[in-house]
2 protein chains.
Amino acid sequence: MTGTEGRVDGDGSGLPGPAAVLPGLSEEQVRALRRVGRAWGRVSVAPEVWRRALPVEPDVGAFPVSAEAGRAWFGRLVPLPPLRVRAAGPRAAAGVQAEAVSRVRRVLVGAPLASSAFVTERMRKLVALPVLSADALSSVAYGPEAMLTVLVLAGAAGLAYSFPVSAVIVFLMVAVGVSYRQTIRAYPHGGGSYIVAGDNLGPVAGLVAAAGLMTDYVLTVAVSIASGIAAITSALPGLTPWTVPLGVLVIVVLLAGNLRGIRQAGALFAAPTYAFIVAMFALVAAGLVDAARSGFQPVPPPSLPVTETVGLLLIARAFSSGATAMTGIEAISNAVPAFRPVEWRNARTTLSWMVGLLIAMFAGIVVLIHLTGVVPRSQETVLSQLAHLSFGQGWMYVYVQAATAAVLLLAANTAYNDFPRVLSLLARDDYAPKTFLRLGDRLAYSGGILLLSLAAVLVYVAFEGQTNSLIPLYAVGVFLAFTLSQTGMVVHWWRRRDPHWRKSLLFNATGALLSALVLLTAGISKFTSGAWVALIAIALFLLVTTRIKRHYATAREALRLRPHAVELPAPTSTGPLAPATRAAAADADRETEEIPEEIHHLSVIAVATLDLAAMRTLAYAASLGQPALAVHISTTEDEERRFRAYWGLWGDHLPLQTVLSPYRAVVAPLVHYIETLHRLNPGLTLTVFLPEIVTRHRWHRLLHSRTASRLRHALRNLPKIVITTVPFHLPR
Amino acid sequence: MTGTEGRVDGDGSGLPGPAAVLPGLSEEQVRALRRVGRAWGRVSVAPEVWRRALPVEPDVGAFPVSAEAGRAWFGRLVPLPPLRVRAAGPRAAAGVQAEAVSRVRRVLVGAPLASSAFVTERMRKLVALPVLSADALSSVAYGPEAMLTVLVLAGAAGLAYSFPVSAVIVFLMVAVGVSYRQTIRAYPHGGGSYIVAGDNLGPVAGLVAAAGLMTDYVLTVAVSIASGIAAITSALPGLTPWTVPLGVLVIVVLLAGNLRGIRQAGALFAAPTYAFIVAMFALVAAGLVDAARSGFQPVPPPSLPVTETVGLLLIARAFSSGATAMTGIEAISNAVPAFRPVEWRNARTTLSWMVGLLIAMFAGIVVLIHLTGVVPRSQETVLSQLAHLSFGQGWMYVYVQAATAAVLLLAANTAYNDFPRVLSLLARDDYAPKTFLRLGDRLAYSGGILLLSLAAVLVYVAFEGQTNSLIPLYAVGVFLAFTLSQTGMVVHWWRRRDPHWRKSLLFNATGALLSALVLLTAGISKFTSGAWVALIAIALFLLVTTRIKRHYATAREALRLRPHAVELPAPTSTGPLAPATRAAAADADRETEEIPEEIHHLSVIAVATLDLAAMRTLAYAASLGQPALAVHISTTEDEERRFRAYWGLWGDHLPLQTVLSPYRAVVAPLVHYIETLHRLNPGLTLTVFLPEIVTRHRWHRLLHSRTASRLRHALRNLPKIVITTVPFHLPR
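Residues numbered from 1 in each chain as written. Chains lettered and ligands numbered in written order. Predicted model: local features only at pLDDT ≥ 70, side-chain atom pairs only at ≥ 80, totals over all residues. Heavy atoms only, no water.

Going by the annotation in an unreviewed UniProt entry, the name recorded for chain A is Amino acid permease, with Streptomyces clavuligerus given as the source organism. Here chain A is described in UniProt, under the heading Subcellular location (unreviewed entry), as follows: "Membrane". (UniProt positions renumbered as here; feature names shortened; annotations may be inferred.)

See below:
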């Protein structure tokens, strides 16, 4: 199933606006900002003074808009072009590595794209049909087979039910199709299940729909690839042992392609779908011609071991398995803005065509299976068996298999467009990490693409790339989203009462009811065979997203600007060594300082030995002109005496405190000392200055104590403690 | 093989002195320190002013000497006791986790020990003998068997050579024993191979000896445990499939025990060795009594498949395999200071006793094997077969097997004392990371213990816990260290020419020559069957240690205080916004500032949005009174305009620079901007202020951008750029 699920902002460009990534300030926040600003103005140095004091010209030119500009790649930084031409300096070593990474990346992912390169192509119906219906139409490659796989368990008696079950599925396709025609009219900007359910049924329903969608996208990738690989291994049985590695390879290729920013548009993406439609119609036509020769006398299926009797549960399982043939039917309703004007009208026409094609192909294949007596086999797909019967081993057989594999691959790719977009919608609404809102330098949501690939690989490998094992998981998510989306539409019509609302409500209600029935059927009949996995995934999704939302709410509340309530102290000189007051003790752990004059500094310099790195740190701290104190951890009294002697030789320029650590640890006593200082003087802001030795080679880092980073880690939980690392760079 | 290899400092306490961890300053450095101090004195504020300005009482009491004090454990910090009693504050969550870790750790490792707890027990000869000779004597559990395993490949013809080969090994034991008697006299403070070879043959020879020793210690653990587990599985064949997990379990137990700081002393450690000696003599005696009954008529060995013919190579391999029976013979010479006075005399006596016992046990077992016709079998050790023949299944059999396993376990434990100590000697001499010099809170060299365990597990698992596969690797390292140590003694005597030097030189030369012969024999005859692994390990060791030494030399040179050569600027006011000069441009990338007045500041505050965290960072930076500039990265022009408007609403208190990032990246343009600022103004020290949101739960970190840490990483390679993170703590 697929769907260009909704838009991040209303302008239909698909690009998240600035408000999505960095939300604006509310009225209340703007008022607070003004008040804070006035408080600064009362006591601080005037802005002009700051500006005049600036020793640099801040404007150094815009960030270079060249195809070679540096970017962050999984947190690794590529050097920037204007700085690359400098002489071989101390950074050269790091530069060589980074440049190699940059080159590999350029080849794999391509040059970065500016935001202005983001355009949405408007599609003609003839292009939109194949692009948007690849997922739905490709479902006939596994839907009928999934149904038969269940029925055949009851032998010939079971297979006799294939016609009635298929008829119900066809009716369902019509009902859901008609239902989505209503959605297209109501949501001309794109009505994804998350949006429709959220708008009309409330945020929880939206989340549940999103959970259904997300599991569904993951399974679309896994099922489509499993089925596509099955089409290939049916033609080339020698490849069967490689099912799992081949599938993983396909996912990796999709990952790389989508990180490059493949867009589903143009002739390249239209071809496989049309090729598949032609292949299916040729197959059905050839089969019917063959059957006509024998007077449409069905070939009886081979006698089969009967492992189950025909019962309600078996029929229900067959029905919900076969219903996977309609996954992807909602794609067009999500992508209305991608059509040429009048968008909703063109989208509706395309939807009708798609449903028509889907029903024709589904029905044709079911009839053909009945006539030929083909039954599912583990080594060869049903479609491959039918093609063999009609076309033997010739080129037409190869064509059918190739077209099937291609359209399934294309269907998998649609999930790569939709999953990251739904995730970005969730991130916009605080339900997912904000990082999923960020477009990569190829204008693709890199985070979502990676997550989808990872999840798809996990599912694909866990189920060993077997379509039949994956199908039971599939139906639940799809029909959960269908049900909620259409129920949302019912509420929509009831509230709005537009002209013709009764008819629309009736159609949507029918669709919702039938989808709910399939959902129930699938959830109950397939619970033990895999649906429970999907249900647990959905429950986990709900749990995680609501907790993320809660965390963001807490964080936003904590970070909100507050009207400044603390009494201002009388303006004091900001010269060096201004005496700090011990007031504001009550305010110690509430991180509220917003005015420079309220901050009373104490610089604490950690010194282990008197080398150049330590001297630079001492000089740096002293040059800030705030009260300063050097701290040294001694492991023995001898060492303590010796260090004090050196300190005296230097001239005793700063107060020194030595701490004896009988257990030889360095970090713990230092943290203890700083924490105690903070407890005794809660009004002070302590700045801890750490010399940090920066090595040129990564492995050299092992040779130096990680004291600085361990201290940073240990102190980061304490309030009002600022950490300043003064780097010292070793030569190569 | 074992040996309490040398001492870190000369006082024999085994505790590294302060000079080892933090070396003192040289005369030249002290002069430079004074000169730097005078330069500060000329321009800086007087020390008294700093002291008076201090807003705190720096002395907050000594670091608590309680058994519950916190320590760093793999970089994880345990909260300190005086701070644990505070009310449930925002840190409580972190505290609960940390406290749980602390408790688990207390149970496993025990309370920390103060340095004053480090005592060296002086041992009586009767205690020293078992403690120091466990490794050597236990070798007879695998030495004879290793020899026979080779000879048996040539069938009965090969087994006939067991007497002559054993005779050569016994002669070798005598020669090496006499040779080490000379070392004891010359190095009464402990003469480990690394020290003796390094002292007399130069640093490279010392390193090669250390390489031999280190590989040897790793193999001592692996071989002793493999052999000990074999003793157990011989008695309980049902445990055979668990050989590998059992061995790994033993290593983990040794790891935990040694992290607790087990000392090899006292009755507990004497018992297994005496028990083993008793067991071996009982075994030999019982065997001889049985043989006497049959008139010392040897039982012919079973007819065996002959896979090799008797040749020089086979004999050589058998010889070098059997020679592993003398590993550990040098232990006593390393541990001379642990004896009661007169140390060297007692040590010599003990050594003679040990060699005597070793020869008696080795010879007894070889004779017994010959008489009983026992041949090596993969399922049962030779010792177990002999015990079965003499004692059947009774308690004496169980006793022999238990004593063998116990003494082998004890032998493995000796490596845990010696490997970390040699590593600390290497670290003292800059050949290994300084972290191996650090004594853990239980006064054990935790780093070395961990490294040894890791290496031993790797070797043990790679060779599947099979003694016979490990033996070929073993001999090379042992005899490399023997040869270099004794060659060093030859040079020692030649240089010193003490009384009796000729005799000592002759004994040592004999030992060295014979050891070198074994080394060559082992290296050549077992090259393909495993010695190449040991040789590669030794070569890698040499490569890595010399590169570490070179890096430390570079680092020390770079960190050395230098006489201050830069012209001092005229003293300027250190008040707020003191104008910075653009001078010292030539000095830009040479990190030499040592005087506060030479540092010209520019504060750069990275601001993404105007929330509380950003306002605090702005206030913090402004309160330092240095020229300041705020930088904002905008991804679109709209966002840029909006941010500038907010900045104006706030009051435009600080200069603002916005940078447009067309590729939506944040870190890269910021780094680019800061780097460009630095290039254009190389005389300035840039301080980058970053607000950092600190979350209470680890998983919440995923929900916030890692901009601060990514910037820190990206900027750390640039000179003169200091990074200050201003934390903002989210509530739970």
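Read on, since the account is not over.
Draft legend 1. Highlighting the overall build of chain A. Per the secondary structure count, chain A includes 26 helices and 7 strands. Of all 732 residues assigned to chain A, the portion counted as buried reaches 59%. Pairs at least 24 apart in sequence give 81% of the contacts found in chain A among residues at least 6 apart. When the accessible surface of chain A is totalled, it reaches about 28,100 Å², and 66% of it is carbon and sulfur. (Helix = DSSP H or I, 4+ residues; strand = E, 2+ residues; numbered from the N terminus. Buried < 20%, exposed > 50% of the residue type's maximum accessible area, 1.4 Å probe, protein only. Contact = heavy atoms within 4.5 Å. Areas by Shrake-Rupley, 256 points an atom, 1.4 Å probe, with all protein chains shown as cover.)

Draft legend 2. Spotlight on the packing of helix 18 (residues 395-428) of chain A against helix 19 (residues 446-462) of chain A. All names here are of chain A. Two elements in contact, helix 18 and helix 19, have axes whose closest approach is 8 Å; the angle formed by their N-to-C orientations is 120 degrees. Here the hand of the crossing between helix 18 and helix 19 comes out right-handed. Between helix 18 and helix 19, the contacting residues are A415, Y416, F419, P420 and L423 on the first element and G448, I449, L451, L452 and S453 on the second. Each residue belonging to the contact of helix 18 with helix 19 can be placed in one class, and the counts come to 8 nonpolar, 2 polar and no charged. (Axes fitted to C-alpha atoms, helices over the stretch in contact; angles between N-to-C directions. Left-handed = near helix turned anticlockwise from the far one by under 90°. Nonpolar A, V, L, I, M, F, W, Y, C, P; charged D, E, K, R; others polar.)

Draft legend 3. Broad picture of the environment of W344 of chain A. Residue and element names in this part refer to chain A. In this structure, W344 sits in helix 16 (residues 343-372). Between the alpha carbons of W344 and V374 there is a distance of 42 Å; along the sequence they are 30 residues apart. With near-sequence residues (within four places) excluded, W344 lies in contact with I184, R185 and V336.

Draft legend 4. The pattern of salt bridges, seen in detail. Residues and elements named next belong to chain A. Summed over the entire model, instances satisfying the criterion amount to 22 salt bridges over all chains. Here R293 makes a salt bridge to D290, at a shortest N to O gap of 3.1 Å. Linking R293 with D290, this pair stays in helix 13 (residues 267-293), spanning 3 residues, or about one helical turn. Between K434 and D430 there is a salt bridge; the shortest N-O distance is 2.6 Å. Owing to a relative accessible area of 21%, K434 belongs among the partly exposed residues under this scheme. By sharing partners, the salt bridges in this structure join D430, K434 and R556 into a single network. (Salt bridge = Lys/Arg side-chain N within 4 Å of Asp/Glu carboxyl O.)

Draft legend 5. Fine view of the nonpolar core. Within the largest apolar cluster, 148 residues are counted, with the highest numbers of intra-cluster contacts made by I225, M280, I329, L386, L426 and F479 of chain A. For this core, the element with the most residues is helix 11 (residues 203-235) of chain A, which contributes 17 residues. Setting aside residues up to four positions removed in sequence, F479 of chain A forms contacts with L172, A323, M326, S515, V518 and L519 of chain A. Counting residues in each nonpolar core, the second largest holds 147 residues, with L259, F319, I332 and W501 of chain B among its members. (Core = buried A, V, L, I, M, F, W, Y, C linked by side-chain atoms within 4.5 Å.)

Draft legend 6. Spotlight on the sheet that holds strand 4 (residues 628-634) of chain A. Judged by pairing direction, the sheet is mixed, and its 10 strands sit side by side in the order 5(A)-4(A)-3(A)-6(A)-7(A)-7(B)-6(B)-3(B)-4(B)-5(B) without closing on themselves. Since the sheet does not close on itself, it has two edges, and those belong to strand 5 (656-660) of chain A together with strand 5 (656-660) of chain B, each with one partner. Each strand axis lies, on average, 25 degrees off the axis of its neighbour in the sheet, ignoring direction. Here 6 bridges tie strand 3 (residues 600-606) of chain A to strand 6 (residues 684-694) of chain A, and the two strands are oriented parallel to one another. Across the sheet, residue H601 of chain A finds its bridge partner in strand 6 of chain A, namely T685 of chain A. Packing of helix 24 (residues 637-650) of chain A onto the sheet brings it into contact with strand 4 and strand 5 of chain A, and relative to strand 5 of chain A it is tilted by some 170 degrees. (Pairing = 2+ DSSP bridges.)

Draft legend 7. Seen up close, the domain arrangement of chain A. Here the domain parsing of chain A yields domain 1 (120-551) and domain 2 (596-729). Measuring from the centre of the C-alpha atoms in domain 1 of chain A to the corresponding centre in domain 2 of chain A gives 61 Å. (Domains from an automatic or database assignment.)

Draft legend 8. Examining the confidence of the model for chain A more closely. All names here are of chain A. Averaged over chain A, the pLDDT score is 80; the fraction of residues at 70 or greater is 82%. Low pLDDT, under 50, characterises residues 1-15; the predicted model gives this stretch 73 contacts beyond four residues in sequence or across chains. Low pLDDT (under 50) marks residues 565-590, which in the prediction has 43 contacts with non-local residues, meaning those over four places away or in another chain. Across the whole predicted complex the pTM is 0.75, and at the interface the ipTM reaches 0.77. (pLDDT = per-residue confidence, 0-100.)

Draft legend 9. Structural context of the packing of helix 10 (residues 193-201) of chain A against helix 11 of chain A. Residue and element names in this part refer to chain A. Here helix 10 crosses helix 11 at 160 degrees, and the two axes come no closer than 6 Å. Comparing the axis directions of helix 10 and helix 11 gives the class roughly antiparallel. Crossing of helix 10 over helix 11 shows right-handed handedness. Seen from helix 10, the contacting residues are S193, Y194, A197, G198 and L201; seen from helix 11, they are P203, A205, G206, L207, A209, A210 and L213. In the contact of helix 10 with helix 11, the residues fall into 9 nonpolar, 3 polar and no charged. (Parallel < 35°, antiparallel > 145°, perpendicular 65-115°, else oblique.)

Draft legend 10. Focus on helix 14 (residues 312-322) of chain B. Residues and elements named next belong to chain B. Taking burial as the measure, the 11 residues of helix 14 include 9 buried ones, the bulk of the element. Buried residues of helix 14: L314, I315, A316, R317, A318, F319, S320, S321 and G322, and no others. Summarising the contacts, the buried residues of helix 14 are in contact with helix 7 (143-151), helix 9 (162-186), helix 16 (343-372), helix 20 (467-496) and helix 21 (501-525).

Draft legend 11. Quick look at unusual backbone geometry. Residues and elements named next belong to chain A. Between P341 and V342 the backbone carries a cis peptide bond, its omega angle lying at -5 degrees. In this structure, V342 sits in the loop between helix 15 (331-334) and helix 16. Even without being a glycine, D430 presents a positive backbone phi close to 70 degrees. Summarising the element assignment, D430 is placed in the loop between helix 18 and helix 19. Of the residues examined, D430 reaches a relative accessible area of 9% and is grouped as buried.

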